[in-house]
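# Commentary on secondary and tertiary structure
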Amino acid sequence: MRIFAAGNRRSAGQRHRARLEPIVTFALSHRQRLAAIATGSAGNLIEWFDFYIYAFTALYFAASFFPEGDQTAQLLQVAGIYAVGFLIRPVGGWYFGRFADRHGRRAALVASVLMMGAGSLLIATLPTYASIGAWAPGLLLLARLLQGFSTGGQFGAAATYLSEVAADARRGFYASFLYVTLIAGQLCALLTLVALQQFLDEAELRAWGWRVPFAIGACMALIVLLLRNHLHETTDNKTTKSAEAGSLLALLRHPKALFVVMSLTAGGGLCLYTFTTYMQKFLVNSAGMDIKVTSNVMLAAMFGFMLLQPAMGALSDRIGRRKCLLLFSGLMTLSAVPILTALSKVQDVGTAFLLVLAALAILSLYTSISGLFKAELFPQHIRALGVGLAHSISIAIFGGSAEYIALFCKRAGQEQIYFWYVAAICAVAFFTALFMREPRRATMMDN
């Protein structure tokens, strides 16, 4: 979409060239800017709703695709397919990052959400093993590959778009909604399952009820098509038609930025998966808490975590991204072992909630600006590629392996090793933040 400043008088020739070449001047009204941010964030929420609903409903559909073996074996096979979604994310980060730099952020955002919706629709309509045999888990794997590929691309495109469309003075505040909607997507997925559990019994959920959230996710993806006119393009032909737009070789000329993104994502991603997706299992297996109680603890803590994002994003606008990253990595280096040790022995629900929330509050110093500071490190013509690829590689390595390493240490009787592992990775992130340059605070536009 072309956006021109009000009252800008141009000749007929200029108007003709404008029709041929989209020009972005960012003379957006406050209302237009909010609509663009809301739409971009909505796409992110839908993306993560679809991604997380797989994990939350696995217990109900596992036997439909892997009928042989006990429940643990079935869940392990479903979890294996879930892990594949992490492995393909770097490929999606590369493809959609390159696509966004060459064809615009808007096109990449819409395409990634629609691809996620296609994966959800496929899962919602899949025949079971009883109907088509081994084709059933094979098609489930294909659907999950589509979703993992889409997720890898969504982060880079969304982070880049929100950082470019936001007002410079409040960029941290507006860009924080990337993680607000990521967490909201997870919460909505969980609440959808809880709602279904109130209306359907377990037999119905196992027979067909598990398909409902995937169908909802597929329908939600269509909302992006209806709202796409609010996604004001943030690139022009001069950027997208550049010979180096989305070029991997051009990206490799920024090794420092790549290292900073991967190092800080290692610390942030490891902590994110430790204190969110793994924490419920940790409280049950290590602290011996009841699973329903831990679900309530995590639901309340995640809601608080979501509310913290805009506040921490606004803080970064005042003190800078680098100081926020130093606070996150430094505080987590010092507190990871004490917090995890206390959580491994906690018995009181209130104490468990406060400890988890404390860890998430520290983490929010990173998550609130996770997409933003990465986008601020790269020039515009390779920004989406740089953010998407570097983030996806690091999150696949450190975030995707977090639960496995934690459980391996637990099984070996050396759970403390994992606590120190988290602290060590955060220490590396601290020194990275200490020696990095302050990300740009001026305009995100290079042209």
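So, here's what we can say about the structure. Since this is a predicted model, take the numbers as computed values, not measurements.

## Quick notes on the overall build of the protein
- Looking only at helices and strands, the protein features 21 helices and zero strands.
- Counting all 447 residues of the protein, 55% fall into the buried class.
- Across the protein, the fraction of contacts at a sequence separation of at least 24, relative to all contacts at a separation of at least 6, is 84%.
- With an accessible surface of roughly 18500 Å², the protein has 66% of that area assigned to carbon and sulfur atoms.

## Section: the pattern of salt bridges
- All told, the structure shown has six salt bridges when counted by the stated rule.
- Across the pair arginine 321 and aspartate 317 runs a salt bridge, and its minimum N-O distance is 3.0 Å.
- We note a salt bridge from lysine 410 to glutamate 415, for which the minimum N-O separation is 3.9 Å.
- What makes lysine 410 partly exposed here is its relative accessible area of 32%.
- One salt-bridge network, held together by shared partners, links Arg171, Asp317, Arg321 and Glu376.

## What about helix H16 (residues 291-319)?
- Taking 1.5 Å of rise per residue, 29 residues should cover 42 Å, and H16 covers 40 Å from first to last C-alpha, within 8% of that figure.
- The largest bend in H16 is about 30°, located at leucine 308, with the proline proline 310 one to four residues further on.
- Two residues or fewer after H16 comes glycine 320, characterised by a positive phi angle close to 100°.

## Here's the deal with the packing of H16 against helix H18 (residues 349-367)
- Interhelical geometry of H16 versus H18 gives an angle of 30° and a closest axis separation of 8 Å. Here H18 runs roughly parallel to H16, going by the angle between their axes. For the pair H16 and H18, the crossing hand works out as right-handed. Two secondary-structure elements touch here, H16 through Val293, Val297, Met298, Ala300, Ala301, Met302, Gly304, Phe305, Leu308, Gln309, Met312 and Leu315 and H18 through Val349, Ala352, Phe353, Val356, Leu357, Leu360, Ala361, Leu363, Ser364, Leu365 and Thr367.
- Its residues assigned to classes, the contact of H16 with H18 comprises 19 nonpolar, four polar and no charged.

## Description of the layout of surface pockets
- Considering only enclosed or pocket space, the second largest pocket measures out at about 190 Å³ in volume.
- Lining the second largest pocket are His254, Lys256, Ala257, Phe259, Val260, Leu377, Thr432, Phe435, Met436 and Arg437.
- Secondary structure elements with two or more residues in the lining of the second largest pocket: helix H14 (255-275) and helix H21 (415-435).
- When residues of the lining of the second largest pocket are assigned to their parent elements, the largest contribution, four residues, is made by H14.
- Along the lines of polarity and charge, the residues of the lining of the second largest pocket split into six nonpolar, two polar and two charged.

## A word on the nonpolar core
- In this structure, Leu140, Phe275, Met279, Met332, Leu343 and Leu363 are the most contacted members of the largest nonpolar core, which totals 126 residues.
- Broken down by element, this core gets its largest block of residues, 14 residues, from helix H2 (residues 30-65).
- Apart from the residues within four sequence positions on either side, methionine 279 is in contact with Thr274, Met298, Leu340, Leu343 and Val356.

## Observations regarding the environment of alanine 111
- Along the polypeptide, alanine 111 turns up in helix H5 (residues 105-125).
- Looking at alanine 111, the relative accessible area reads 29%, which means it is partly exposed.
- Spatially, the C-alpha atoms of alanine 111 and serine 150 are 8.4 Å apart, while their sequence positions differ by 39 residues.

## Describing empty space enclosed by the protein
- Enumeration over the complete set of coordinates arrives at two cavities of 30 Å³ or more.
- In this structure, the largest cavity occupies an estimated 60 Å³ of space.
- What lines the largest cavity is simply Trp48, Tyr52, Arg89, Phe155, Tyr179, Leu182, Leu272, Tyr273, His391 and Ile395.
- Of all the elements in the fold, those that place two or more residues in the lining of the largest cavity are H2, helix H9 (177-199), H14 and helix H20 (383-411).

## Here we look at the packing of aromatic side chains
- Applying the stated criterion across every chain, the model contains 20 aromatic pairs.
- Note on tyrosine 278 and tyrosine 418: the rings are 6.4 Å apart at their centroids and 70° apart in plane angle, and the pair reads as edge-to-face. One end of the pair, tyrosine 278, is in the loop between H14 and helix H15 (279-285); the other, tyrosine 418, is in helix H21, and 140 residues separate them in sequence.
- Taking relative accessible area as the criterion, tyrosine 418 reaches 2% and is therefore assigned buried.
- Taken together, the ring pairs connect Trp94, Tyr95, Phe96, Phe99 and Phe149 into an aromatic cluster.

## Things to note about the environment of proline 127
- If you trace the backbone, proline 127 turns up in the loop between H5 and helix H6 (129-132).
- A relative accessible area of 31% places proline 127 in the partly exposed class.
- Taking C-alpha positions, proline 127 is 8.8 Å from phenylalanine 65, a pair spaced 62 residues apart along the chain.
- Leave out the neighbours within four places in its chain, and proline 127 touches Phe65, Ile132 and Ala136.

## Quick look at the side chain of serine 150
- Tracing the chain through its elements places serine 150 in helix H7 (residues 135-165).
- Serine 150 sits in the buried class, given a relative accessible area of 0%.
- Ignoring anything within four residues of it in the chain, the contact list for serine 150 reads Glu47, Phe96, Ser112, Val113, Met115 and Met116.

## Quick word on the packing of H7 against H20
- At their nearest, the axes of H7 and H20 sit 8 Å apart, and the two run at 135° to each other. By the angle between their axes, H7 is oblique relative to H20. Crossing hand, H7 versus H20: right-handed. Residues Gly152, Phe155, Gly156, Ala159, Thr160 and Glu164 of H7 lie in contact with H20, whose contacting residues are Arg383, Ala384, Val387, Gly388, His391 and Ser392.
- Each residue belonging to the contact of H7 with H20 can be placed in one class, and the counts come to four nonpolar, six polar and two charged.

Rules and cut-offs
Residues numbered from 1 in each chain as written. Predicted model: local features only at pLDDT ≥ 70, side-chain atom pairs only at ≥ 80, totals over all residues. Heavy atoms only, no water. Helix = DSSP H or I, 4+ residues; strand = E, 2+ residues; numbered from the N terminus. Buried < 20%, exposed > 50% of the residue type's maximum accessible area, 1.4 Å probe, protein only. Contact = heavy atoms within 4.5 Å. Areas by Shrake-Rupley, 256 points an atom, 1.4 Å probe, with all protein chains shown as cover. Salt bridge = Lys/Arg side-chain N within 4 Å of Asp/Glu carboxyl O. Expected span 1.5 Å × (residues − 1). Bend = angle between axes of the 7 residues up to and from the residue. Axes fitted to C-alpha atoms, helices over the stretch in contact; angles between N-to-C directions. Parallel < 35°, antiparallel > 145°, perpendicular 65-115°, else oblique. Left-handed = near helix turned anticlockwise from the far one by under 90°. Nonpolar A, V, L, I, M, F, W, Y, C, P; charged D, E, K, R; others polar. 1 Å grid on protein atoms, 1.4 Å probe; cavity = no way out; pocket = protein on both sides within 12 Å on 5 of 7 lines; lining within 4 Å. Points joined across faces, edges and corners; volume = space filled by probe spheres on them. Core = buried A, V, L, I, M, F, W, Y, C linked by side-chain atoms within 4.5 Å. Phe/Tyr/Trp six-rings, centres within 6.5 Å; stacked < 30°, edge-to-face > 60°.

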